[in-house]
Amino acid sequence: MVVRPRIHPRESLQQFIVRVCEANRFGHPARLLALAALPGSILSRRCDLASLADLLAMDDPAALCAAAYWADESRDGLLAFGNSFVPAWAVNFSRSRICSSCVRETGTCSRLWDLGVVTACPIHETTLVDDCACGRALSPLRSAMSACRCGREIEASKRTGSKSLVAVAAALSQLAEDRPATGCAPVADLAAGLRLLRFAVAATVRHPSSRRAATVSKPGAAEMAARLEQSSEVLLDWPAGLHRLLAEHATGQSGRVGLDAAFGSFIHRLKAVLSEPGLSLVADEVRTWLSRRVDAPAIKAWAFFSPSEAGPERLTAAGAGRVLGISPDKVAALVDRGLLVGHVLPAGSRRVVLVEKTSVERIRASRVSLITAEAAAASLGIGVKQLHKLRLHGLLAEFGLIRDGSGTLYPPTFAADLDAKLAALANGWGNPGSVDLGSLPGLRRVKLHDVLSSVLSGHVPLLHASGTVEGVPVLARYSVPADATYKLGARSGQPALGTARAARRLGVAPRMIPVLLETGCLTAAEGLCGGRTRGVTLESIEAFPRKFALARTVAREYQTSARRLAAEMAIANVAPVVETDSGRGISAVWSLDAIARIRPLLQGPVSVCRKAAPPPMVR
């Protein structure tokens, strides 16, 4: 070999082989590979370059190996690219690009030109050339650096590259030299910058098949330059370019909230890219933008796009629940009741509850001074169980109670407020025959919530307990006449049963009782003791079997099924009093008059289609 050049630091192995062949006039690199006994896959597969180093009189072939685009297993298959590493899709092995001006001035090529997203020369600010006038693409292994296989010389490009194309090439050149790209996105290395730029190029294409053609197929320099013009701002104009890309794809769907509804498949592709190494700062910027700009995103705290910094303006029900120490369902209940400022929005088959953070902090601050149920009960002079019954009967709703996971919290002025309300109702002083409210839980004939409800409704007079001193529990300061307690404890003139006892008496589930009351099969009791309104008159319960029958009772009597009974009723055009609702566990109820109309049909024979027996086997 006559000419034995040395490899340039910015050259790749394939560019160096072309330069050696041109200097020795081999006509094609295949001749050099044959002399060195190297395979044709030298460009992409690792092999021993010692024989090529001997031909070039090089003491150490390490410089040749460092210039090759070979995969590094320690780097998850990334290709060595000088001092950096790049993904395999980033290098264009099928067609080369050159800047003829650089080739004439330096006599070498640059490995930067082999990157698929580099379409301009950062030095001369002209577009790179990747084809010949004959229409052929420049092969990576050709006879000369600036020549085509047809023999034509590749002329220098006279077309000036746009500022964005030149800026992309300059930024990638800085990253390839392990220098941060000034004024660009905060990517950690060249591989991260290429991933972000590739995603931006694909994001400009809406159709999936076209999106694949825009990146995987490695288009030519002119086509790639046109696509980079539309997407390079994501890398160059930081962070405004990224914000514009996100806003462009935040189309949203009517009636739905959340990232999937706002972005569709775009958000999943973005997550896949930002999960790669070197893009953590870009991911943080995306999280910040989403937390400020997306309308009602239901971003869970453990989700990838959950904001990294604290302080979002709105919280989900789960987030508000963690702050207040209550469940998300109770947060939704507080929003429905107006105690928390928030919104309930649809999200497909579920709903999303968003709560204003200021409202949550206000509740949290007010809870510091709240007292527990034990302390509230002690201030009234009763037990926690009695206090719980008062709350369940709605007698304490006006005092602003807050329920959390550990129980109900009461305002510190709860006892004073109740005392003031009772003092306004009290008229006169009690006598030795009166009973103070604090001792009522010990009496079996009457219940405290019944007496207190009657007092608040004006049915029972309230008196000041005699001998009241400071420090006495609130309920012990007031009393009611003893005869009033006997009247409340006595049964009403209209005998009635509760829901559970009525259900046991009729042999049905308790959930059937409200349905029977709505349809008129049973009669609700009125004027029960203590102002209670829930109950069923004993008279209607006893009359029920004489007027109505359950479907299962009739089916058992006529030895048939409830399904056949319903079919016979439908044929006779008779509707049930209560329709069957299997979802709610409601059984059908029929009137005895309707049963009498189809009694002949039910007493008839049941036609059953049986499978014919097989004929006997003839041997």
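Residues numbered from 1 in each chain as written. Predicted model: local features only at pLDDT ≥ 70, side-chain atom pairs only at ≥ 80, totals over all residues. Heavy atoms only, no water.

Quick look at the overall build of the chain now. Broken down by element type, the chain carries 29 helices and 15 strands. Counting only residues that meet the buried cut, the chain has 45% of its 619 residues in that class. For the chain, restricting intrachain contacts to residue pairs at least 6 apart in sequence, the fraction spanning at least 24 positions comes to 60%. Total accessible area computed for the chain in this model is approximately 32400 Å², and 52% of it derives from carbon and sulfur atoms. (Helix = DSSP H or I, 4+ residues; strand = E, 2+ residues; numbered from the N terminus. Buried < 20%, exposed > 50% of the residue type's maximum accessible area, 1.4 Å probe, protein only. Contact = heavy atoms within 4.5 Å. Areas by Shrake-Rupley, 256 points an atom, 1.4 Å probe, with all protein chains shown as cover.)

Within the open sheet, the three strands sit side by side as E9-E11-E10. Their pairing is antiparallel. In this open sheet, the two strands that pair with only one neighbour each are strand E9 (434-436) and strand E10 (463-464). Looking at chain direction, E9 and strand E11 (residues 478-481) are connected through three bridges and run antiparallel. Across the sheet, Val435 pairs through a bridge with Val480, a residue of E11. (Pairing = 2+ DSSP bridges.)

What follows is about the packing of aromatic side chains. Given two aromatic rings, their pairing is described by the distance between the two centres and the angle made by the two planes. Counted under the stated rule, the structure contains seven aromatic pairs. Look at Phe199 and Phe266: their rings are 5.5 Å apart centre to centre, the planes differ by 45°, and that puts the pair in the tilted class. Of this pair, Phe199 sits in helix H7 (residues 190-203) while Phe266 sits in helix H13 (residues 265-274); the two residues are 67 residues apart in sequence, bridging distant segments of the chain. Just as Phe199 is buried, Phe266 falls in that class too. (Phe/Tyr/Trp six-rings, centres within 6.5 Å; stacked < 30°, edge-to-face > 60°.)

If you trace the backbone, Trp429 turns up in the loop between helix H20 (414-425) and E9. Residue Trp429 is classed as exposed on the basis of its relative accessible area of 60%. In the structure, Trp429 is positioned 33 residues away from Leu462 in sequence and 8.8 Å away in space, judged by C-alpha atoms. Filtering out sequence-adjacent residues up to four positions away, Trp429 remains in contact with Leu463, His464, Ala465 and Ser466.

Looking at the chain, pLDDT values average 81 and 85% of them are 70 or higher. For residues 606-613, every residue scores under 50 in pLDDT, and the model assigns this stretch one contact once sequence neighbours within four places are set aside. (pLDDT = per-residue confidence, 0-100.)

As judged from the two bridges shared by E10 and E11, these two strands associate in the antiparallel manner. Bridged to Leu463 within E11 is Ser479.

Before going further, it helps to spend a moment on the environment of Gly77. With respect to the secondary-structure elements, Gly77 resides in the loop between strand E1 (71-72) and strand E2 (78-81). With sequence-adjacent residues up to four places away left out, Gly77 is seen in contact with Ala71 and Asp72.

Following both chains from N to C, one finds helix H6 (residues 163-176) and H7 inclined at 150°, their axes separated by 8 Å at the closest point. Overall, the two elements H6 and H7 adopt an arrangement that is roughly antiparallel. Contacts between H6 and H7 pair Val168, Leu172, Leu175 and Ala176 from the former with Leu190, Gly193, Leu194 and Leu197 from the latter. Within the contact of H6 with H7, the residues separate by chemical class into seven nonpolar, one polar and no charged. (Axes fitted to C-alpha atoms, helices over the stretch in contact; angles between N-to-C directions. Parallel < 35°, antiparallel > 145°, perpendicular 65-115°, else oblique. Nonpolar A, V, L, I, M, F, W, Y, C, P; charged D, E, K, R; others polar.)

Here we come to unusual backbone geometry. The omega torsion across Trp238 and Pro239 is -5°, close enough to zero to call that bond cis. Examined against the element boundaries, Pro239 turns out to sit in the loop between helix H10 (233-236) and helix H11 (240-249). In this structure, Glu125 takes a positive phi of about 60° despite not being glycine. Tracing the backbone through its elements, the reader meets Glu125 in the loop between helix H5 (100-106) and H6. Relative accessible area serves as the criterion here: at 42%, Glu125 is assigned to the partly exposed category.

Time to look at the pairing of E2. The sheet contact formed by E1 and E2 spans two bridges and is antiparallel. Counterpart to Asp72 in the pairing with E2 is Leu78. The turn linking E1 back onto E2 is made up of five residues, and Asp76 within it adopts a positive phi angle of 60°. Note that E2 and strand E3 (residues 84-86) share three bridges and pair antiparallel.

The next point concerns the packing of H7 against H13. Running from N to C, H7 and H13 point in directions that differ by 165°, and their axes come no closer than 10 Å. In this view, H7 runs roughly antiparallel relative to H13, as classed from their interaxial angle. The two elements H7 and H13 cross, and the hand of that crossing is right-handed. Residues Arg195, Phe199 and Ala203 of H7 pack against Phe266, Arg269, Leu270 and Val273 of H13. (Left-handed = near helix turned anticlockwise from the far one by under 90°.)

Okay, the sheet that holds E1 next. Think of a sheet as strands paired side by side through backbone hydrogen bonds, with each pair either parallel or antiparallel. Strand order in the open sheet formed by three strands is E1-E2-E3, with antiparallel pairing between adjacent strands. Since the sheet does not close on itself, it has two edges, and those belong to E1 and E3, each with one partner. In the packing of H7 onto the sheet, contacts are made with E2 and E3, and the angle to E3 comes to roughly 30°.

Every buried residue of helix H16 (residues 328-336) is listed here: Val331, Ala332, Leu334 and Val335. Viewed end-on, H16 has its buried residues packed into an arc of 160°, placing them on one side of the element. Projecting away from the buried face of H16 at angles above 90 degrees are the exposed residues Asp329 and Asp336. Where H16 terminates, the next one or two residues include Gly338, which has phi positive at roughly 85°. (Arc of directions from axis to C-beta.)

Applying the stated criterion across every chain yields a total of zero disulfides. Among the cysteines around Cys109, which has no disulfide bond, Cys102 carries the closest sulfur, lying 9.1 Å off. Here Cys150 stays free of any disulfide, with the sulfur of Cys134 as its closest cysteine sulfur at 3.6 Å. (Disulfide = S-S within 2.5 Å.)

Now for the environment of Leu387. Structurally, Leu387 is set in helix H19 (residues 384-392). Accessibility expressed as a relative area gives 0% for Leu387, which makes it buried. C-alpha of Leu387 to C-alpha of Ala373: the two residues are 14 residues apart in sequence and 7.7 Å apart in space. When sequence neighbours within four positions are dropped, the list of residues in contact with Leu387 reads Ala373, Ala376, Ala377, Leu380, Ile382, Leu396, Tyr410 and Phe414.

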